[in-house]
Structure formats: structure tokens, C-alpha cells
Amino acid sequence: MDRRFAVPHAATCRILVGSGLERGLPAVVGALDPDGVVVAFDRAVARIGERIAVALNARAALSIDDAEAQKRLDAVGRLADQLHEAGATRATVLVAVGGGSVTDLVGFVGSIYLRGMPTVFCPTTTLAMCDAAIGGKNGVDHNGLKNRLGTIRQPDAIVCDIDWLRTLPPDLVREGLVEVVKKAFVLDASAFAELEGLAPALAALDPAALTRAVDIAVELKMGVVLADEREAGRRRALNAGHTIGHAIESLAAGAIRHGRAVAIGLVAECRAADVPAAIVDRLLRLLTALGVASDLPRAFADAAALWELARRDKKAVRGSVPMFVPRALGEGVVVELTPESLAQALA
Ligand SMILES: NC(=O)c1ccc[n+]([C@@H]2O[C@H](COP(=O)([O-])OP(=O)(O)OC[C@H]3O[C@@H](n4cnc5c(N)ncnc54)[C@H](O)[C@@H]3O)[C@@H](O)[C@H]2O)c1
Ligand SMILES: [Zn+2]
């Protein structure tokens, strides 16, 4: 026999964004008809995590220390042990409370424990609300390489309570917003214009503006995730700014955080691809209005070192280093990065 079976994978993912949503979590989780609940949270947000565990009458509340360093296979094993001790079944709902490190790790465990249990994400950073927690990619680092082991599986629900951002340092709140700027920049000109209008309120961390920005990010990312089922390749839009951005983040080894590295990467990729100055100016103005620096510190403006890192990026195959840049605002195309265009971008 030689037949192709189109296997449907129907999954619905409910996403809520707004202030004061924590109160509604018992109803959201209850709608999944759970056989008990386990809550795993970043220790940095222990107060929120413990409160949620009490409200959900969780059978276990698991604290994860130093989330980013914990995104590893040994932490997967530990969480699996804790799920076993808690008597989790494949109908137990696993709730993750924290930034992208925690939703990646806990989402990965939830997608493989008993071949998958229902999961609910409660992202507590703008980066996780605008990107990491959305779209169903879960994973852990391995052999020092980021996100080497992973799965694609949608969580059953994602609850983005803007009030959870109150304890996040303001610079981190703002830098996480680069992920929504990135998507609007290459996918949706009217969303970009709306972000321009919201920028002063976003820089001031206004909850209504943050809610709207996360709404836009969710709509754009889920649009790409759903479209990608038919139109492979649109996910590339989500990598805008990340080809050079990741290289800068690696070279800076912790001195430049992800959001700012992507902001620098977006600008540098435009310059490398000769994107018209009028478009780059709007990007620069928006990033500045959001309070995110997008100039590359001289210490890291090393074209040869950045090229070596970009060439080894996981998106690079057969020697080609693709970038996704706007041809017009809100309309992206794939362009190849070369050592020459990278040097030009940094000049
Ligand atoms: N799965 C995906 O599609 C995807 C996409 C983008 C990024 N990611 C992953 O996301 C991770 C980055 O996410 P992140 O920026 O949220 O990082 P993070 O989870 O490491 O959080 C950043 C820091 O903020 C702390 N923190 C989190 N919430 C807080 C709060 N409300 N108040 C105070 N402190 C808080 C954390 O303890 C941590 O120190 C990376 O591991 C990256 O690989 C995944
Ligand atoms: Zn990113």
C-alpha cells in the first residue's frame, strides 16, 4: 500500500487578554473538566503562582527557580517526577505561571507527559504575552543550544492578565513589546499605525494600552500560526529582526536582552536589505517612543563575528541566511543576508 492519510489535528486554544482576569481562572480551568490541577510557577512570581494554586485548589504548587537556566532536560525530568508524585493523569490540567522560560519548559512537559495533558498558560512578561506563550511551540535548551528539543502543541487556554506585569521591571515590559512591533512591521501596516498612536501610553505602562498591544500581538501571531497550516513559510515573519538580533544577543552574552537585541536586529536587517529610509524612520521613531534603544553599541559592531553567528543560526540552511524585511510597511519579503550587506548595515 502507498496512501497518504491527511490526519486532522483539531485543537482549540482559548486566549484571554485584559486586566483582572486572574479572578476568572477557576472558570477557564473548570471548563476543561479537569481531573485535578497542578500549578508550576516561576519563583519570581511566587505570590501570583501560590494565589492561583489556592484559587484552583491545586493538588500541587511547584516552584521553579531561575527559570531561564532551568529550561533544560534535567528540569523536564524533575517536573515529570513531581507530576507523578501529584498523581497527575492525562485529564489533570497543568497550569504554567511565568515568563517565556516557564511556559516553554512547562508547555514541553505538558505536551509529552502521558503523551500530552491539558495545559493553561498564564504568561507574566510582555515578551511571553506577545510571543513566547502564543503559537504552541514548546521547548528546552540542550547542549548549550537554545530551544534544541521541542514540540508543537497548542495550550488549551492562555490567560494574559495585564495586572501580572506590575512587578516586572519597566524596561523589561517595554522591551517585550518589540515582539509586537516586529509582527506589525512586516505583517500589518494598520496595526503598526495603531501602535504608533499607543506608544506614549505604552511607554508609561498604561494597562489599557498594554491590553491592546497584546491583543494585536495575539491576533497577528495566531493568524500566522493558522495560515502556516496551508501556506508554509509565513512563520518566517515571526523571525523578523531575529537573524541579526540573535547574533547580537549571542555576541553580547547577556549584556543585551532579547527584546533590545531584536530592536537592533530589525533596524540592521532593514539597512542590510536596503529597505527605504521612510520605513526605517517610522520603525526608529516607534522604538524610541517606546523607550527601547535600537542603536548597536560599538563594542558589538563586529561584522565578521556577527556573520559567523548568523551563518550558524538554526534558520540558516545550506549556507543561506534568510531575513524577513518589509518591502512596504506591513508587507514582508525574504531577503538573503550576505557578509557584505551585514558589514554595510553596521557601517
Ligand atoms: N515558544 C516560543 O515560541 C518562544 C518565542 C519567543 C521566546 N521564547 C522563549 O521565551 C524565553 C524568554 O521569555 P521571557 O522574556 O518572558 O523570559 P523569562 O521567563 O526568563 O523572564 C524574564 C525574567 O523576568 C522574571 N519575571 C517573569 N515574570 C515576572 C513578573 N511578572 N515580575 C517580575 N519578574 C518576572 C523571570 O524570573 C526572569 O528573571 C526564552 O527562553 C525564549 O527562548 C519562546
Ligand atoms: Zn523574539
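Residues numbered from 1 in each chain as written. Chains lettered and ligands numbered in written order. Predicted model: local features only at pLDDT ≥ 70, side-chain atom pairs only at ≥ 80, totals over all residues. Heavy atoms only, no water.

What follows covers the overall build of the protein. If you tally the helices and strands in the protein, you get 15 helices and 10 strands. Since a compact globule built from 347 residues should have a radius of gyration of about 20 Å, the 20 Å found for the protein is in line with a globular shape. Counting only C-alpha atoms, the protein reaches 60 × 60 × 35 Å along its principal axes. Counting only residues that meet the buried cut, the protein has 52% of its 347 residues in that class. Considering only residue pairs separated by 6 or more positions, the protein has 74% of its internal contacts joining residues 24 or more positions apart. Per element, the accessible surface of the protein, about 15700 Å² overall, is 52% carbon and sulfur. (Helix = DSSP H or I, 4+ residues; strand = E, 2+ residues; numbered from the N terminus. Rg over C-alpha atoms; globule rule 2.2 N^0.38 Å. Buried < 20%, exposed > 50% of the residue type's maximum accessible area, 1.4 Å probe, protein only. Contact = heavy atoms within 4.5 Å. Areas by Shrake-Rupley, 256 points an atom, 1.4 Å probe, with all protein chains shown as cover.)

Soluble globular proteins tend to pack their nonpolar side chains together in the buried interior. The biggest cluster of nonpolar side chains holds 99 residues, and the ones touching the most others in it are Phe 185, Leu 195, Leu 202 and Leu 337. A per-element tally of this core places helix H10 (residues 207–227) first, with 10 residues. When residues no more than four places from it in sequence are discounted, the contact partners of Leu 195 are Val 180, Val 181, Ala 184, Leu 202, Ala 213, Ile 216 and Leu 286. Membership of the second largest hydrophobic core comes to 22 residues, among which are Leu 25, Val 28, Val 45 and Val 97. (Core = buried A, V, L, I, M, F, W, Y, C linked by side-chain atoms within 4.5 Å.)

Of all 10 residues that make up helix H8 (residues 178–187), 10 are buried, and the element is covered over most of its length. Of the positions making up H8, those classed as buried are Val 178, Glu 179, Val 180, Val 181, Lys 182, Lys 183, Ala 184, Phe 185, Val 186 and Leu 187.

What follows deals with the pairing of strand E7 (residues 145–152). The side chains of a regular strand alternate between both faces of the sheet. Where strand E6 (residues 137–142) meets E7, 5 bridges bridge the pair, whose relative direction is antiparallel. Across the sheet, Gly 139 pairs through a bridge with Gly 150, a residue of E7. (Pairing = 2+ DSSP bridges.)

Purely spatial values, then, with no claim about function.
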